[in-house]
Every structure is written in structure tokens, then in C-alpha cells.
Amino acid sequence: MAQAIDQQRINRFLAEVERRAVVIAELAVGQREDALDLVQESMLRFVKHYAAKPETQWRPLFHRVLQNRIRDHYRRQRVRRRWLGWLPGGGDDTDGDPIQQAADPVTRDPETLAAQEQDGGRLLAALEKLPARQQQAFLLRQWEGLSVRDTATAMGCSEGSVKTHLSRALKHLRGSLDT
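The structure displayed is predicted, hence computed values, not measured ones.

A. Highlighting the environment of A52. Considering the arrangement of structural elements, one finds A52 in the loop between α2 (32-50) and α3 (58-84). Assessed through its relative accessible area of 81%, A52 is described here as exposed. Distance from A52 to D6, taken between C-alpha atoms, is 8.8 Å for residues 46 residues apart in sequence.

Printed below as a string of C-alpha cells:
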């Protein structure tokens with residue numbers, strides 16, 4: 001019975017972090033499909049290696065696994081570009097997902113939707129321009145709400161580095177969004 005309860009807690013935890021993890025991964029890698037794959041792989045690795053850890057450690061450990069998967073993705077992309085870059089099109093197959101491009105069936109006020117989309121687009125554009133470490137620090141601290149210690153664990157750096165990266169990220173975002 002204890003194992004079933006643990007499985008329920010793990011499933012609940014993964015359901016809680018999934019949506020935000022996809023956004024973090026998508027901001028990092030730029031493509032939804034790759035982000036979904038990274039999150040799924042991160043969840044599998046997290047359960048395999050860290051499910052037995054205390055529940056209070058799960059969030060920073062999960063984000064550490066996710067950040068490692070994102071770094072691995074960058075490495076694979078760099079190697080792929082090096083070897084496939086000479087092909088016509090560079091080995092890039094970005095046709096787009098027709099389901100993702102379909103219209104949202106939920107109707108909303110067009111003015112509100114346009115304003116939200118413009119503000120969200122500006123924020124995403126500003127986030128995408130940040131260096132990777134600043135982006136990570138901002139998303140983990142401000143968006144995920146992790147403590148400085150947990151963010152440092154997830155990023156694999158010191159607490160001072162987290163504070164520095166976050167301060168620089170906030171400065172850049174304020175500058176980008178005020179203009």
C-alpha cells in the first residue's frame with residue numbers, strides 16, 4: 001500500500017510540474033516537439049533515479065534533470081549541425097504541426113486576447129534573448145518559485161551565482177520591456 005501511495009504522490013508531483021516544465025524547455029530549445037520530448041525524458045529519469053528521495057527534494061532535483069536534458073539537447077544539436085550542415089536545408093525539417101496551428105475552440109474577447117498575446121509575446125521575446133543561465137535563473141526563481149538554494153541545486157551552481165544571474169536577467173528584462 002505504501003508503494004501505491006508513493007506512486008500517487010509521484011504522479012501528482014509530475015502533473016504539477018509538467019506544464020511549466022514544457023514552457024521552460026520550449027523557451028530553451030525553441031521547438032514545442034523537442035520540449036515535450038525533453039520533459040518526458042526528464043520525468044522518466046527523475047522517477048528512475050530520484051523517486052525514493054524525500055518529497056521536499058523532488059522539485060529542485062526534477063529541474064536539475066530537466067536542465068541537464070536541455071544541455072544535452074544543445075550538445076546534440078551542435079553535433080548535428082556540424083555533420084549535417086553541408087546538406088541542402090542543413091538537415092532541418094521544420095514543417096510545423098497542423099494541430100498546434102489550429103484555431104483555439106474557446107472564444108475570447110478579441111481585444112483582451114490581442115493585448116495578452118502582445119504582452120506575452122514581448123515577454124517571451126525578451127526571455128529568448130537572455131543568456132541561458134540568466135533565463136534558467138529567472139524561470140526557476142520567479143516563475144517556478146524555487147528558493148535560491150533549490151535553484152542553485154537545479155542549475156548546478158552556487159547560491160551567489162543564482163543571485164547574480166537573476167539580477168542580470170531582471171535588469172535586461174526591465175530594459176527590454178520598458179522600451
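B. Representation of the nonpolar core. Counting residues in each nonpolar core, the largest one holds 37 residues, and the members touching the most others are F62 and L66. Elements that contribute at least two residues to this core include exactly α1 (2-29), α2, α3, α5 (110-129), α6 (132-143), α7 (148-155) and α8 (159-178). Counting residues per element, this core draws most heavily on α1, at 11 residues. If we skip the residues at most four places from it in the chain, L66 touches A21, I24, A25, L38, V39 and S42.

C. Inspection of the packing of α6 against α8 at higher detail. Contact geometry of α6 with α8 gives a least axis separation of 8 Å together with a crossing angle of 95 degrees. One element, α6, and the other, α8, form an angle in the roughly perpendicular class. For the pair formed by α6 and α8, the contact residues are R133, Q134, A137, F138, R141 and Q142 on the first element and V162, H165, L166, R168, A169, L170, H172 and L173 on the second. Classifying every residue of the contact of α6 with α8 gives seven nonpolar, four polar and three charged.

D. Local environment of the pattern of salt bridges. Enumeration over the complete set of coordinates arrives at 10 salt bridges. With its nearest N and O atoms 3.1 Å apart, the salt bridge here joins R9 to D6. Note that R9 and D6 are positioned in helix α1 at a spacing of three residues, about one turn of the helix. Relative accessible area serves as the criterion here: at 30%, R9 is assigned to the partly exposed category. Residue classification places D6 among the partly exposed positions, given a relative accessible area of 34%. With its nearest N and O atoms 3.7 Å apart, the salt bridge here joins E159 to R149. Here R149 lies in helix α7 and E159 lies in helix α8, a separation of 10 residues in the sequence. Residues joined in a network through salt bridges with shared partners are E41, R45, R69, D72 and R75.

Criteria and thresholds
Residues numbered from 1 in each chain as written. Predicted model: local features only at pLDDT ≥ 70, side-chain atom pairs only at ≥ 80, totals over all residues. Heavy atoms only, no water. Helix = DSSP H or I, 4+ residues; strand = E, 2+ residues; numbered from the N terminus. Buried < 20%, exposed > 50% of the residue type's maximum accessible area, 1.4 Å probe, protein only. Core = buried A, V, L, I, M, F, W, Y, C linked by side-chain atoms within 4.5 Å. Contact = heavy atoms within 4.5 Å. Axes fitted to C-alpha atoms, helices over the stretch in contact; angles between N-to-C directions. Parallel < 35°, antiparallel > 145°, perpendicular 65-115°, else oblique. Nonpolar A, V, L, I, M, F, W, Y, C, P; charged D, E, K, R; others polar. Salt bridge = Lys/Arg side-chain N within 4 Å of Asp/Glu carboxyl O.

All quantities given are derived from atomic positions and should not be read as evidence of function.
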